[in-house]
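Tertiary structure, described
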Amino acid sequence: PAVLEEKISIPGQYLALGGVRPEKIHSKEIGYLGEFNAVGVSVDVRAYYDRVSDIIYVDPSPLAPPYFDGKPYSLSNLLSATYRGFEGTIKHSWGAKSHLILNYSRQYANCSLTGTLREPLFIPTLQSIADSCSSMVPRNSGSILLARQVTDDVQLSAGYYHQGRLQFLSTPAPLTMMRRLDLRVAKTF
């Protein structure tokens, strides 16, 4: 639906031919949440597998009657995608005022063509989109946050954030790996 949300608002661009099915999501997840209060540690981890089928995508019109009436696009169920990965968070607290939080995520994506385009000429374009699906999610991301409540009204924190490179569908070049360091002083008034 992301393509639908982005492009459907363009007047006169879509010809509804019907037959579009709802997208389906099948998710599997296993996780663990452990709280070890004696040492001030909590652990939250999960592994997941998500399969999205009947993904609605742009289906260019053939350039011949009876379907083409000047509206170059329709929508069809053309793709499926699989997302699998692991996420984890470890939080260590010492006292009520100091926290260290570690987050990590590793993710894989895979897409395939599952529908039929009305115009076979566009199959290579759609196949290249399916082939680049794995680069559309960051493979690794993580963060480290250290926070300390110094006084009742002042908090200090330092955070480091990392996100692997990824490719947006509508951009010609991938976004490079992102690394960021945030230092914060907050005062309550």
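Summary of the structure given here.

Conventions and cut-offs
Each chain has its residues counted from 1, following the order in which its sequence is written. Residue-level local features of this predicted model are given only where pLDDT is at least 70; pairs of side-chain atoms are given and counted only at 80 or more, and the full residue set underlies all totals for whole chains, interfaces and linings. Neither water nor hydrogens contribute to the side-chain values; these are computed over all heavy atoms in the structure. Patch rule: a residue counts if its relative accessible area is over 30% and it has no salt bridge; like charges are joined within 9 Å, and nonpolar side chains (Val, Leu, Ile, Met, Phe, Trp, Tyr) within 5 Å. Residue exposure ignores everything except the shown protein chains as possible cover, and the areas themselves are Shrake-Rupley values with a 1.4 Å probe. The rule for a salt bridge is simple: a side-chain nitrogen of Lys or Arg has to be within 4 Å of a carboxyl oxygen of Asp or Glu. Burial status follows relative accessibility: with a 1.4 Å probe on protein chains alone, a residue under 20% of its type maximum counts as buried, one over 50% as exposed, and anything between as partly exposed. Stacked, tilted and edge-to-face are the three classes applied to pairs of Phe, Tyr and Trp rings, where Trp contributes its six-membered ring and a pair requires centres within 6.5 Å; stacked means planes under 30 degrees apart, edge-to-face means over 60, and tilted covers the rest. We call a charge positioned over a ring when the NZ of a Lys or the CZ of an Arg lies within 6 Å of the ring centre and within 35 degrees of the ring normal. A run of H or I in DSSP becomes a helix once it reaches four residues, and a run of E becomes a strand once it reaches two; helices and strands are each numbered from the N terminus. Here the rule is simple: two strands pair whenever DSSP picks up at least two bridges between them. For the purposes of these results, a polar contact is taken to be a pair of N or O atoms within 3.5 Å, where, inside protein, one atom must be able to donate a hydrogen and its partner to accept one; residues adjacent in sequence count only when each atom of the pair is a side-chain atom.

Comments concerning a nonpolar patch on the surface
A contiguous nonpolar surface patch, about 560 Å² in accessible area, is contributed by I90, L102, I144, Y160, L181 and L183. Relative accessible area serves as the criterion here: at 39%, I90 is assigned to the partly exposed category.

Topic: the packing of aromatic side chains
Across all of its chains, the model carries 0 aromatic pairs by this definition. The aromatic ring of Y108 is capped on one face by R84, whose charged end is 4.6 Å from the ring centroid. Sitting above the plane of the Y161 ring, R180 keeps its charged end 4.5 Å from the centroid.

A closer look at the pairing of strand β1 (residues 24-36)
Burial runs low along β1: only 1 of the 13 residues are buried. In terms of strand pairing, β1 meets strand β2 (residues 41-60) through 13 bridges, oriented antiparallel. Across the sheet, the residue bridging to L33 is D44, located in β2. Where β1 folds back on β2, the antiparallel hairpin that results is connected by 4 residues, among which G40 adopts a positive phi of roughly 70°.

Here we look at the side chain of N77
Here N77 lies in strand β3 (residues 73-94). At 2.7 Å, the side chain of N77 forms a polar contact with the backbone nitrogen of R21. Looking at N77, its side chain comes within polar contact range of the main-chain oxygen of D54, at 2.8 Å.

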